[in-house]
Amino acid sequence: MVSFIILNYNTAKLVEDCINSLKRCVHCAHEIIVVDNCSNQEDLDYLRNLSVRESFVLIQNKINGGFGAGNMVGAQTAKSQYYCFINSDVTFVEDAITPLMAYMEENKYCGCITPQQYTPNGSFVPSFKHGTGIRHEVLGDSIFEFLFPKSFPSRKTKKQHPFNAPEINGCFMLFPAKVFWEIGGFDTNIYLYYEEYDVCRRLHQAGYESVVYPSVSFKHLRGGSSNKKTPKSIKRELFVSRIYVYAKHHNVLYTSLFRTILLIKSIFIPKKWHLLPILLSGESLAHSMKHQNTANNH
């Protein structure tokens, strides 16, 4: 049995579409848990009515603590052997769950798995990253994919067989419940972005792998479930999370070098000057939307 955990923030109609596609395509035993992160009243009312019609568990958070915190609330309610965290703008096009669970049963080293991702119009979307770091910031991925194709397979071409990846996309992640709790679940300090970077690194440190299973797929609107903040606020949160997870997983020297690289790059791009205070400050989480939301609710 699998527990589907869907986080909602003013996207109730997308949740409805997601659940309809899930019920149409997924054939294994499952439960659906929707966690609302303080949506507006109209959206919340729509979601309440939907929960009655579709018979799913609805949890209403009093504070929007972000992606990780919201999903952890859902996980604490889940009763299945597997947890599947999906964004509200995900659409199932086939039963992508049964083969994933079968793969994890046969490969106990697999701590998290995702299908191949496509856009709503069927365009291919890379479902993994080579791992974000100084190498990525300075040189990008293309040169390494060209020089070392075995270690850095192309992200832009579909693979034929399941493969391990340093980091898989966070919009669709299936975990064995036991493994999820073993590594501590999602880091609730992170409000938005880089949750998958963090959780995949912790899986690897615990001896597990993150896997892409390319022979089944799903569609993702990409951005449809995002927090409806201004673009500047979103870019700001991206940097806050980025600095936090780098400091969490690397030593002080590496983190300082990374911060310096971002600072130099931002100095020469005027539209990124609003990020300079974050890069100069050592207290990146103080700038997070999560702290702003918490302060506004007191």
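Just above, that's the structure.
Reading the values: rules and limits
Residues numbered from 1 in each chain as written. Predicted model: local features only at pLDDT ≥ 70, side-chain atom pairs only at ≥ 80, totals over all residues. Heavy atoms only, no water. Helix = DSSP H or I, 4+ residues; strand = E, 2+ residues; numbered from the N terminus. Rg over C-alpha atoms; globule rule 2.2 N^0.38 Å. Buried < 20%, exposed > 50% of the residue type's maximum accessible area, 1.4 Å probe, protein only. Contact = heavy atoms within 4.5 Å. Areas by Shrake-Rupley, 256 points an atom, 1.4 Å probe, with all protein chains shown as cover. Lys, Arg positive; Asp, Glu negative; His and termini not counted. Charge placed at Lys NZ, Arg CZ, Asp CG, Glu CD. Axes fitted to C-alpha atoms, helices over the stretch in contact; angles between N-to-C directions. Parallel < 35°, antiparallel > 145°, perpendicular 65-115°, else oblique. Left-handed = near helix turned anticlockwise from the far one by under 90°. Nonpolar A, V, L, I, M, F, W, Y, C, P; charged D, E, K, R; others polar. Phe/Tyr/Trp six-rings, centres within 6.5 Å; stacked < 30°, edge-to-face > 60°. Lys NZ or Arg CZ within 6 Å of the ring centre and 35° of its normal. Pairing = 2+ DSSP bridges. Salt bridge = Lys/Arg side-chain N within 4 Å of Asp/Glu carboxyl O. Disulfide = S-S within 2.5 Å.

Here we take up the overall build of the protein. Within the protein, the secondary structure is distributed over 12 helices and 12 strands. A globule of 298 residues ought to have a C-alpha radius of gyration of about 19 Å, and the protein, at 19 Å, matches this closely. Scored against the burial criterion, the 298 residues of the protein give a buried share of 55%. A separation threshold of at least 6 residues defines the contact pool for the protein, and within that pool the share at least 24 residues apart is 78%. When the accessible surface of the protein is summed, it comes to about 13900 Å², and 57% of that surface belongs to carbon and sulfur atoms. For the protein, the centre of its 32 positive side-chain charges and the centre of its 25 negative side-chain charges are spaced 6 Å apart.

Here the focus is the environment of Ile5. Among the structural elements, Ile5 can be located in strand S1 (residues 2-8). Along the sequence, Ile5 and Gly207 sit 202 residues apart, while their C-alpha atoms lie 25 Å from each other. Every residue in contact with Ile5, bar those within four places of it in the chain, is listed here: Ile33, Asn71, Gly74, Ala75, Ala78, Tyr83, Cys84, Phe85 and Ile86.

It is worth spelling out the packing of helix H1 (residues 12-25) against helix H2 (residues 41-54) at this point. Across the interface, H1 lies against H2 with an axial gap of 9 Å and an inter-helix angle of 20°. The pairing of H1 with H2 is recorded here as roughly parallel in orientation. Crossing handedness for the pair H1 and H2: right-handed. Listed contacts from H2 to Ala12, Lys13, Val15, Glu16, Ile19, Asn20 and Lys23 of H1 are Asp43, Tyr46, Leu47, Leu50, Arg53 and Glu54. Among the residues forming the contact of H1 with H2, the class breakdown is six nonpolar, one polar and six charged.

Our focus in this paragraph is the packing of aromatic side chains. Scanning all chains against the criterion turns up 22 aromatic pairs. For the ring pair Phe85 and Phe186, a centre distance of 5.0 Å and an interplane angle of 80° mean the geometry is edge-to-face. Here Phe85 is found in strand S4 (residues 82-87), whereas its partner Phe186 is found in the loop between helix H7 (177-182) and helix H8 (195-205), with 101 residues between them in sequence. Three or more aromatic residues joined by ring pairs make a cluster, and in this case those are Phe67, Tyr83, Phe85, Phe175, Phe180, Trp181 and Phe186. For the cation-ring pair, Lys159 lies above Phe163, with the distance from its terminal atom to the ring centre recorded as 5.7 Å. The positively charged end of Arg242 is found above the aromatic ring belonging to Phe239, 5.2 Å away from the centroid.

In this section: helix H3 (residues 67-77). For H3, the tally of buried residues reaches eight of 11 residues, placing the bulk of the element in the interior. Looking at H3, one finds that the buried residues are Phe67, Gly68, Ala69, Gly70, Asn71, Met72, Gly74 and Ala75.

Attention shifts here to the pairing of strand S11 (residues 172-176). With five of its five residues buried, S11 lies for the most part within the structure. Here S11 shows a buried face lined by Phe172, Leu174 and Pro176 and a second buried face lined by Met173 and Phe175. Bridge analysis of S4 against S11 gives five bridges, and the strand direction is antiparallel. Bridging from a neighbouring strand, Tyr82 pairs with Pro176 of S11.

As enumerated under the stated definition, the model contains seven salt bridges in all. When the shortest N-O distance is used, the salt bridge between Glu105 and Lys108 registers 3.3 Å. Close ionic contact of Asp187 with Lys248 constitutes a salt bridge, the shortest N to O distance being 2.8 Å. Placement of Asp187 in the loop between H7 and H8 and of Lys248 in helix H9 (residues 231-249) is noted, with a sequence separation of 61 residues between them. Judged by relative accessible area, which is 12%, Asp187 ranks as buried. Since its relative accessible area comes to 36%, Lys248 is described here as partly exposed. Each of Asp187, Asp198, Arg202 and Lys248 takes part in one network of salt bridges that share partners.

This brings us to unusual backbone geometry. Backbone geometry places Cys38, a non-glycine residue, at a positive phi of 65°. Mapped onto the secondary structure, Cys38 falls in the loop between strand S2 (30-36) and H2.

Note on terminology: disulfide describes a covalent bond linking the sulfur atoms of two cysteines. Inspection of every chain in the model, using the stated rule, returns zero disulfides. Summary of cysteine pairing: Cys25 is not part of a disulfide, and the nearest cysteine sulfur, belonging to Cys18, is at 10 Å. Note on Cys84: no disulfide assigned, nearest cysteine sulfur contributed by Cys112 at a separation of 9.0 Å. Judged by its relative accessible area of 0%, Cys84 falls in the buried class.

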